[in-house]
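Per-entry structural report
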Amino acid sequence: MLARKATALLFAALVAAAPSCRKAPGGGHSVESMTVSMAGSTSVMPFTEKLAEMFMIQNPSHVINVQAGGSSAGIQACLTGTVTIGMSSRELNAAEKTLKEIVICWDGIVVVVNSENPVRSLSIEQVRDIYSGKTTNWKELGWIDRGIDAVTREEGSGTRGAFEELVMKKVEISDAIMVQDSNGSVKEVVASDPYAIGFLSLGMIDNRVAPVKIDGVDPTVANIKKKAYRIVRPFLYLTNGEPPPAAKFFIDYVLSKQGQEILRKEGLIPANE
Amino acid sequence: MNDNRAILKDRVVRVLLAGFAVSSILFLFLIFAFIFIEGLPLFYKAGVGKIILGMKWAPTRGHFGIFPMIVSSFMVTVGALVIGGPIGLACATYLAEYAGRKRKLFLKPALELLAGIPSVVYGFLGVIYIVPVVRTVFGGSGFSLLATSIVLGVMIMPTVISISYDSLMSVPRSYREGSFAMGATKWQTVFRVVIPAARSGILAGFILGMGRAIGETMAVIMLAGNALKIPAGPLDSLRTLTSNIALELAYASGDHRLGLFSTGIVLLVIIMILNYIANFVIKRKVIR
Amino acid sequence: MRINPRLVDRWSGWSLNVLTWFAVGILAVIVVVIFVKGIANVDLGFILKYPEDMGRHGGIFPSIIGTLLLVALSLVFATPLGIGTAIFLTEYTKATRFTTILRFGVESLAGIPSIIYGLFGFIFFVIKLDMGWSLISGALTMTIMILPTIIRTAEEAIKSVPRNFRMVSFSLGATRWETTIRVVLPSAAPGILTGIMLSVGRAVGETAAVIFTMGSSLRLPTSLMDSGRTMAVHFYILAREGISMGNAYATALVLVASILGINILAYYIMNRVISRYS
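These figures come from a predicted structure and were not determined experimentally.

1. Here we look at the overall build of chain C
Of regular secondary structure, chain C possesses 11 helices and 2 strands. Helices and strands in chain C line up, N terminus first, as α-α-β-β-α-α-α-α-α-α-α-α-α. The long-range share in chain C, meaning contacts at least 24 apart out of those at least 6 apart in sequence, stands at 72%. In the form shown here, chain C has an accessible surface area of approximately 11,400 Å², with 68% of it arising from carbon and sulfur atoms. Here chain C holds 22 positive side-chain charges and 13 negative ones, and the gap between their average locations is 10 Å.

See the structure below:
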């Protein structure tokens, strides 16, 4: 019938128009190749935003779009070409190694508790036991008789991945543990619940939460540089092959003295230290 | 001659509108089709039973069990209904049977405005005000079934109120007058005559409220704690089907992503069943 | 021992009253809390400035624009599609299998959770169609979301136009289309408008579907392919990450005020319809 033919045509037109909305390869539109899209780790993202803010002030024709989503999300988005630069806070696994990795800085993972919590020093085994579900009450650790409200990150988180590799080793994190999907939300939970414990990026520590010594070592930048504090992971920028010029310009800025100084001020460890 | 042009125009318009209508269908069905097409293969691959009844969700390691999340979704829904249902019904009853015209004019829209508040705002306020209270008064971390149920209960109240109100109002006046004529008090009339007469509509309202609760995502992510185990009590943390999709969507790939579509299918099926039951319940009333 | 029915009567009436005011009270508390805590940070600067330091300082201008653009674009797609479909269903066809299928589709989409739209939109538009996190991905997803509501309310509004209107128009020699556009639609306009505004209210408050399709970039979206935030998304991120409680409340204030404003406007229009036909 005529109506059916007409509608088929309409739909075909719509479908045909869709591909023209596709992003040009490399993440920028062909008109404005000064746009760089980035996505990934919630640990890396706030610092990337800061770098981007500074960068865009100095280079007003450039635009950097930053999304969060978690390290695995960033890696995925980079692999599929959805973004130009992926951000990761963990090492890549074998399947992901096809991406080009650039270390922009180093970051420690800090175990934190609420400021009302007097327990400020734990051994790595104790942390492992908390997260595996073996230790469930604060009284086992010398505090009051109250359940431990442990918080972890979601499975795709780079922070969690690094935590599992460096702290949990082969032990699984228990199913009964609460999950939050960003550094910020973990910090919020620990800051508001006196009986909570969580792990965060060192660069995000502020006076709302209290860091915990691991095996007697304070999680500080100095101790990381001394290699005394070992729970450290790289912040990576990932590109699918060589980065396009606009992206490279930004990456060079991040690796430059100015960029690294910004990161250092934030509590991260510059790439070459 | 003018006539012919008008008729031609009419025909052209008819085709155009048909085109719009079909495009609408296609868009609408696109979403169903896509979710089902993407999600069904995993059911074949991993086995329907293993997915729906499986207890472990670790998709990167081949475990796709969503049973704990199905249970959690239901618990949160029932909890919301326990809190929002009776209060909602009470409000609807007051509005329909007791409130004068002026009050009704003010109260009804006010209660409906509750539906306009975004779920993220509910979640936020719940985290700031309800979670700490649950933690201090009852124990646990506060990110719990209880806190989630309370907030969701408030969120589904407008749905329950709206539908219950409509069904109460559609009870014929003669029912009430007959009851008064026999000497019943207002409450006796309302409680023993009007509400039972409206019960299928009220039930439908409850069911649709359930549908709303089970589909809620943002508030639940903020309030429920997202632990993967079946909650042993109202103070335990839990993860619903919706939260699971939202937490893992951004980075899931391969089978993991298919697992999320399978979760989506289960959600869709549950909600469609609820919608169907609600419609069925209402239709029964009309026939009667 | 039987309790005096008169006592029960008075007591029950009173408790229903209390419960209802309690429920309204919840709304009042929500609005008041957001207002009181948010007003400190809301000023002209807040609305017009860009966010600084991830939103810790500065304003929410890009998210306001992002919200407007997303909603406007979605309406551009959904309104003609939705009203056209409604007109077709009511004016141009009888009940056939085609219309039953269409109605079934519209009804089924009624209760779909927003995360499903997010799941669909993310995989289909952002990834498979390679549109990335963008206004267009968000708008297309949002269109599908509000389409059922627009179709349904438009259909009801059109159906409630009295038959004589059409009869008179036909008897004067007008074609169906002329009748539709000159007689039926103008009468149904307030009802249709209400439906559209309610959809807008919903779209403005939507988060799950938007964050996965339009993304969460802090920049001002300047093209269809740009990512951006809506107020709801910005609020969610501020609140969750604890970036700034003050700004979170302020954003919530602007957000809730907009939605309440839209809803109240919709009521006003709807009341005019009711008073016109009763």
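The discussion continues.
2. A look at a nonpolar patch on the surface
Residue and element names in this part refer to chain C. On the surface, V32, F35, V36 and I39 cluster together into a nonpolar patch covering about 360 Å² of accessible area. The residue F35 is located in helix α1 (residues 5–39) in this model. Note on F35: relative accessible area 44%, which makes it partly exposed.

3. Remarks on the confidence of the model for chain C
All names here are of chain C. The pLDDT averaged across chain C works out to 87; a share of 97% of its residues lies at or above 70. When mean pLDDT is taken per element in chain C, helix α9 (residues 208–213) scores highest with 93 and helix α4 (residues 97–108) scores lowest with 74. For this predicted complex, the interface score ipTM comes out at 0.89, alongside a pTM of 0.89.

4. Some details on the interface of chain A and chain C
Frequently, the measure chosen for interface size is the accessible area that the parts lose on association. Between chain A and chain C, the residue contacts involve 29 residues of the former and 25 residues of the latter. Between chain A and chain C, a total of about 2,300 Å² is buried, with carbon and sulfur atoms accounting for 50% of that surface. On inspection of chain A and its partner chain C, the count reaches 2 salt bridges. Among the ionic pairs, C:R240 bridges to A:D181, the shortest N-O distance being 2.3 Å. On the surface where chain A and chain C come into contact, there are 8 residue pairs in polar contact (both at pLDDT 80 or more). Of all the secondary-structure elements, those providing two or more residues to the side of chain A that touches chain C are α2 (45–58), β2 (63–69) and α6 (183–192) of chain A. Sorting elements by how many residues they give to the side of chain A that touches chain C places α2(A) first, with 7 residues. Residue composition of the side of chain A that touches chain C, by class: 13 nonpolar, 8 polar and 8 charged.

5. Comments concerning the side chain of A:S182
Relative to the helices and strands, A:S182 resides in the loop between β7 (178–180) and α6. You can call A:S182 buried: its relative accessible area is 2%. In this structure the side chain of A:S182 is engaged in a polar contact, spanning 2.6 Å, whose partner is the side chain of C:E241. Leave out the neighbours within four places in its chain, and A:S182 touches A:T42, A:R153, A:E154 and C:E241.

6. Overview of the pattern of salt bridges
If you walk through the whole model with that rule in mind, you get 28 salt bridges over all chains. Ionic pairing is found between A:R153 and A:E154, a salt bridge with its closest N-O pair at 3.2 Å. Both residues of the pair, A:R153 and A:E154, count as buried. In this structure, B:K108 engages B:E112 in a salt bridge whose closest nitrogen and oxygen atoms are separated by 2.6 Å. You can see B:K108 and its partner B:E112 sitting in helix α4 (residues 101–113), 4 residues apart, about one turn around the helix. Judged by its relative accessible area of 23%, B:E112 is partly exposed. What emerges from the salt-bridge pattern is a single network uniting A:E155, A:E172, B:K56 and B:R61.

Cut-offs applied
Residues numbered from 1 in each chain as written. Chains lettered and ligands numbered in written order. Predicted model: local features only at pLDDT ≥ 70, side-chain atom pairs only at ≥ 80, totals over all residues. Heavy atoms only, no water. Helix = DSSP H or I, 4+ residues; strand = E, 2+ residues; numbered from the N terminus. Contact = heavy atoms within 4.5 Å. Areas by Shrake-Rupley, 256 points an atom, 1.4 Å probe, with all protein chains shown as cover. Lys, Arg positive; Asp, Glu negative; His and termini not counted. Charge placed at Lys NZ, Arg CZ, Asp CG, Glu CD. Patch = residues over 30% accessible without salt bridge, like charges linked within 9 Å, V, L, I, M, F, W, Y side chains within 5 Å. Salt bridge = Lys/Arg side-chain N within 4 Å of Asp/Glu carboxyl O. Buried < 20%, exposed > 50% of the residue type's maximum accessible area, 1.4 Å probe, protein only. pLDDT = per-residue confidence, 0-100. Buried area = accessible area lost by both parts, 1.4 Å probe. Polar contact = N/O pair within 3.5 Å; in protein donor to acceptor, adjacent residues only side chain to side chain. Nonpolar A, V, L, I, M, F, W, Y, C, P; charged D, E, K, R; others polar.

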